[in-house]
Amino acid sequence: MDVKDIIKPENMVYGKTKLLTDNILHYCPGCSHGVVHKLIAEVIDEMGIQDKTIGISPVGCAVFAYNYIDIDWEEAAHGRAPALATATKRLNPDKYVFTYQGDGDLASIGTAEIMHACNRGENIVVIFINNAIYGMTGGQMAPTTLLGMKTATTPYGRRADLNGYPLKITELIAQLEGTCYVTRQSVETAPAVRKAKKAIRKAFENSMMKKGTSFVEIVSTCNSGWKIPPVKANKWMEENMFPFYPLGDMKDR
Amino acid sequence: MAFKGAIVVDNEKCKGCGVCVANCPTGTLALAKHVNSRGYNYAYMAEPDKCIGCTNCATVCPDDVITVYKVKI
Ligand SMILES: Cc1ncc(C[n+]2csc(CCOP(=O)(O)OP(=O)(O)O)c2C)c(N)n1
Ligand code: SF4
Ligand code: SF4
Ligand code: SF4
Ligand SMILES: [Mg+2]
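Attention here is on the structure that accompanies the text. What you see is a predicted model; the values in this text were computed from it and never measured.

**Focus: the overall build of chain B**
Link 1 in the chain: Along the backbone of chain B there are two helices and four strands.
Link 2 in the chain: Listed N to C, the secondary structure of chain B is β-α-β-β-α-β in terms of helices and strands.
Link 3 in the chain: Taking 73 residues into account, the globule formula puts the C-alpha radius of gyration at 11 Å, and chain B, at 12 Å, falls close to it.
Link 4 in the chain: Overall, the C-alpha framework of chain B stretches about 40 × 20 × 15 Å when taken along its three principal axes.
Link 5 in the chain: A total of 73 residues make up chain B; the buried ones form 53% of that total.
Link 6 in the chain: Partitioning the contacts of chain B with sequence separation of at least 6, the portion at a separation of at least 24 is 59%.
Link 7 in the chain: For chain B, the accessible surface area stands at approximately 3,300 Å², while carbon and sulfur atoms represent 53% of it.

Written out as structure tokens, the structure reads:
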């Protein structure tokens, strides 16, 4: 059968969701941020909640998330997305409110905000992109950087005696009474992407059930910061990040 | 039941990251020798007969630039 007989509208099984704008993503080639944007857009589209969703974008590479997903957005000061989300959700309980935050944003400068929002059990969704580095600012060490990992500020590798230990913030958040769903996912293979999408959907559904905070970590790559090309970065992540940040649900109630 | 598939890549938006190539179970895809206007070697069906329309390539594409078509044969 000829390719041109297959490429017909009635045979289409996968295409770009209309909730993603036509803007070209500013992310580096292969960056996990793009995959997660797509999943959020698909979930919002499939749930039919485009007019009822408010996203809070972070400071970090995802600062421009509002250019790509066609919903209402706020842009928070660095680390303060959970505070904005708290106010937004409390004032608009009929809206789906989510934050989108990197590991520098969430686990470093914004640690207080995320801990207390989760401990209060705000009925919001948190999407946490853990690429173990400050991507936007040129690849400095983050709290989540692995021991031995080279970054711009740990050129010989992160050392526990000098730089402290990598922070498993998602494990800490799972301990908080206010969270109802805490999970760690990834997006480097098709099965992983499909699982991550189910987790994001569940988190959005939870946020209307007054059960507390849903927290979805995505273990991610930062090819530019890591200085590893995209396909190899995915492999590096599987081999080095997954043993320390194991995938799966930590809490579901 | 067997399926045959085909994909279309938005060449101008593709960033040549190769993640789709690495995730194609049938070895259909490759990166082109040519580059698009932004300098990226875009992905294309190097061996179109092999495509089964599984959607894996489009699922992992960070830039969502792949459309997948599939027919029963
Ligand atoms: C108050 C304040 N402090 C520091 C910065 C500089 N800064 C911008 S982004 C960033 C870290 C971003 O890292 P992360 O949240 O992990 O996002 P990524 O780019 O890796 O996705 C920092 C420290 C800032 N913009 N504002
Ligand atoms: S710097 Fe890292 S996190 Fe930022 S867009 Fe590039 S690969 Fe993605
Ligand atoms: S995954 Fe997408 S952006 Fe990357 S090479 Fe394939 S089509 Fe291009
Ligand atoms: S649809 Fe499946 S078989 Fe066809 S190119 Fe994409 S990954 Fe390969
Ligand atoms: Mg980061």
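Okay, back to it.
**Things to note about the overall build of chain A**
Link 1 in the chain: Within chain A one finds 10 helices and eight strands.
Link 2 in the chain: In terms of overall size, chain A behaves like a compact globule, its C-alpha atoms giving a radius of gyration of 18 Å where 253 residues would be expected to give roughly 18 Å.
Link 3 in the chain: C-alpha atoms of chain A, sized along the principal axes, occupy 60 × 50 × 30 Å.
Link 4 in the chain: Sequence-distant contacts in chain A: of pairs separated by 6 or more residues, those separated by 24 or more amount to 67%.
Link 5 in the chain: Approximately 10,600 Å² of chain A is accessible, and the part contributed by carbon and sulfur atoms is 56%.

**Let's talk about the sheet that holds strand β1 (residues 12–14) of chain A**
Link 1 in the chain: Spatial ordering of the open sheet is given by β1(A)-β4(B)-β1(B), a layout of three strands whose pairing is antiparallel. Among the strands making up the open sheet, the edge pair consists of β1 of chain A together with β1 (3–9) of chain B. Pairs of neighbouring strands in the sheet enclose a mean axial angle of 35°, with direction left out of account.
Link 2 in the chain: In this structure, β1(B) lies alongside strand β4 (residues 66–72) of chain B, joined through seven bridges in antiparallel fashion. From the neighbouring strand, K4(B) faces β4(B), where its bridge partner is V71(B).

**Describing the site of ligand 1**
All names here are of chain A.
Link 1 in the chain: In the vicinity of ligand 1 there are 16 residues, among which H33, D103, G104, D105 and G135 approach most closely.
Link 2 in the chain: Between ligand 1 and the protein, one listed contact pairs an oxygen atom with a backbone N or O atom of C61 at 2.9 Å.
Link 3 in the chain: At 2.7 Å, a backbone N or O of D105 approaches an oxygen atom of ligand 1.
Link 4 in the chain: In isolation ligand 1 has 590 Å² of accessible area, and contact with the protein removes 72% of it.
Link 5 in the chain: Counting residues per element, the shell around ligand 1 draws most heavily on helix α4 (residues 103–109), which supplies four residues.

**Here's the deal with the coordination of the magnesium ion (ligand 5)**
Residue and element names in this part refer to chain A.
Link 1 in the chain: Surrounding the magnesium ion (ligand 5) are the protein donor atoms D103 (OD), N131 (OD1) and I133 (O), which sit 2.0 to 2.2 Å from the metal.
Link 2 in the chain: Each donor residue of the magnesium ion (ligand 5) belongs to the same chain, and together they define the spacing D-x27-N-x1-I. Pair noted here: D103 is in helix α4 and I133 is in the loop between β5 (125–130) and α6 (160–163), with a separation of 30 residues, a long-range link. Both residues of the pair, D103 and I133, belong to the buried class.

**Quick notes on the site of ligand 4**
Link 1 in the chain: Close to ligand 4 lie 14 residues, the nearest being C24(B), T26(B), C51(B), C54(B) and C57(B).
Link 2 in the chain: The class makeup of the residues in the shell around ligand 4 is nine nonpolar, five polar and no charged.

**Regarding the interface of chain B and chain A**
Link 1 in the chain: The interface is formed by 34 residues belonging to chain B together with 34 residues belonging to chain A.
Link 2 in the chain: Carbon and sulfur atoms supply 65% of the area buried between chain B and chain A, which totals about 2,600 Å² over both sides.
Link 3 in the chain: Summed over the three residues of chain B that lose the most area to chain A, namely T59(B), D64(B) and Y69(B), the buried surface amounts to 23% of that side.
Link 4 in the chain: On inspection of chain B and its partner chain A, the count reaches zero salt bridges.
Link 5 in the chain: Looking at the side of chain B that touches chain A element by element, the count peaks at six residues for β4(B).

**A look at the pattern of salt bridges**
All names here are of chain A.
Link 1 in the chain: Within this structure, the stated rule accounts for 17 salt bridges over all chains.
Link 2 in the chain: In this structure, R184 and E217 form a salt bridge, with 3.0 Å as the shortest nitrogen-oxygen distance. Taken together, the positions of R184 in strand β6 (residues 179–186) and E217 in strand β7 (residues 213–219) put the pair 33 residues apart, joining distant regions of the chain.
Link 3 in the chain: Assessed through its relative accessible area of 1%, R184 is described here as buried.
Link 4 in the chain: Between D252 and K202 there is a salt bridge, with its nearest N and O atoms 2.5 Å apart. Taken together, the residues span a long stretch of sequence, with D252 in strand β8 (residues 248–252) and K202 in helix α8 (residues 190–206) at a distance of 50 residues.
Link 5 in the chain: Residue classification places D252 among the partly exposed positions, given a relative accessible area of 41%.
Link 6 in the chain: In this structure K202 comes out as partly exposed when scored by relative accessible area, which is 28%.
Link 7 in the chain: Each of the salt bridges in this network shares a partner with another, and the network as a whole consists of E42, E46 and K197.

What counts, and at which threshold
Residues numbered from 1 in each chain as written. Chains lettered and ligands numbered in written order. Predicted model: local features only at pLDDT ≥ 70, side-chain atom pairs only at ≥ 80, totals over all residues. Heavy atoms only, no water. Helix = DSSP H or I, 4+ residues; strand = E, 2+ residues; numbered from the N terminus. Rg over C-alpha atoms; globule rule 2.2 N^0.38 Å. Buried < 20%, exposed > 50% of the residue type's maximum accessible area, 1.4 Å probe, protein only. Contact = heavy atoms within 4.5 Å. Areas by Shrake-Rupley, 256 points an atom, 1.4 Å probe, with all protein chains shown as cover. Pairing = 2+ DSSP bridges. Axes fitted to C-alpha atoms, helices over the stretch in contact; angles between N-to-C directions. Near = heavy atom within 4 Å. Polar contact = N/O pair within 3.5 Å; in protein donor to acceptor, adjacent residues only side chain to side chain. Donors = N, O, S within 2.8 Å, 3.2 Å for Na, K, Ca; no water. Nonpolar A, V, L, I, M, F, W, Y, C, P; charged D, E, K, R; others polar. Buried area = accessible area lost by both parts, 1.4 Å probe. Salt bridge = Lys/Arg side-chain N within 4 Å of Asp/Glu carboxyl O.

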